Amino acid sequence: MFITHDGAQLFTVSFGTAPRTLVAHGGWTGSWELWTLPFGPLSASWRTVAYDHRGTGTTVAPAGSISLDALVADLFAVLDAFNIERCVLAAESAGAVVALTAALQAPQRFSGLVLVDGLYYQPAPAGEHPFVTALKANYPAAIAQFVDNCVTPSTGEAVRRWGRQILERAPQDSAIRLFEVMLGIDLRAQLPQIQLPVLVIHGEHDRLLPLDAARWLVGQLPNARLHVVSGAGHVPTVTHPDEVAAAIDSFFAASVPPG
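Student: Quick question: what am I supposed to make of helix α4 (residues 130-137) here?
Tutor: The α-helix advances 3.6 residues per turn, and as a result positions three or four apart in sequence lie on the same side. Burial in α4 covers these residues: F131, V132 and L135. Projected down its long axis, α4 shows its buried positions confined to an angular sector of 100 degrees, all on one face. Along α4, the residues that are exposed and aim more than 90 degrees away from the buried face are P130 and A137. Where α4 is buried, its residues contact α5 (139-150) and α7 (172-182).

This is how it looks when you write it as structure tokens:
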């Protein structure tokens, strides 16, 4: 269904009727489709909810309305619309910034976090970021290169094509705005404040966010565990969905009771 919030029409999906709820957020211009494959097995034991965040997928929102504050507020609007008082919040790539910020603002709304190849620090460049320049010059080519950087050389063309289709659904101006919103983000000093159970899932061969960044992240979070997906790049939710789902089920079976 669509949820109207702050000038946006947010496209949402919900599957399963289990007692526990997992809400998932995509990364950069990745819509909820980045979680499609893990939702298959997860929906057997979780109520799974996801949405196309502002600027992505089927959601309709002006590019000028995109900000970190708006993305976080949209998340809480989705929780409220689905009457979700508490959930495990999962996020991929740049979506981790939204998830971490939400957890810092209202930890009582969450029983845990899942951060998949998650961003938490990105220094701002002195001038225009080279990727922004590339997006402006040739949007489809920049998207194609980004997708290639997200996967490993062994990844098949079908997955690459699917990735391009997902990302290209975002309007060019929204894609640029979503990328620029994350420039200058630095949550490092605030990470130790997050007391929630956190599962950090990271691809062994991630070229966008190296594995060492995930190891450092786990060291800063008081209650975190790292699961490395062997052979994966930046998007294990797409390339290794069964392993991602199993890792989530295993970690939260012990740390998060139903309800």
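Student: Sorry if this is basic, but what is going on with helix α3 (residues 95-105) here?
Tutor: In terms of burial, α3 is a largely internal element, 9 of the 11 residues being buried. Those residues of α3 that sit buried are G95, A96, V97, V98, A99, L100, T101, A102 and A103. Elements in contact with the buried residues of α3: β3 (21-25), α2 (68-81), β5 (87-92), β6 (110-116), α7 and β8 (185-186).

Student: What should I look at first to understand the pairing of strand β1 (residues 2-5) in this one?
Tutor: Two faces belong to every sheet, and in a regular strand the side chains alternate between them. In this sheet, strand β2 (residues 8-15) lies alongside β1 in antiparallel orientation, the contact comprising 4 bridges. Bridge assignment links F2 to a residue of β2, and that residue is F11. Hairpin remark: β1 followed by β2, antiparallel, with 2 residues in the connecting loop; positive phi at D6, about 50 degrees.

Parameters and conventions
- Residues numbered from 1 in each chain as written.
- Predicted model: local features only at pLDDT ≥ 70, side-chain atom pairs only at ≥ 80, totals over all residues.
- Heavy atoms only, no water.
- Buried < 20%, exposed > 50% of the residue type's maximum accessible area, 1.4 Å probe, protein only.
- Helix = DSSP H or I, 4+ residues; strand = E, 2+ residues; numbered from the N terminus.
- Arc of directions from axis to C-beta.
- Contact = heavy atoms within 4.5 Å.
- Pairing = 2+ DSSP bridges.

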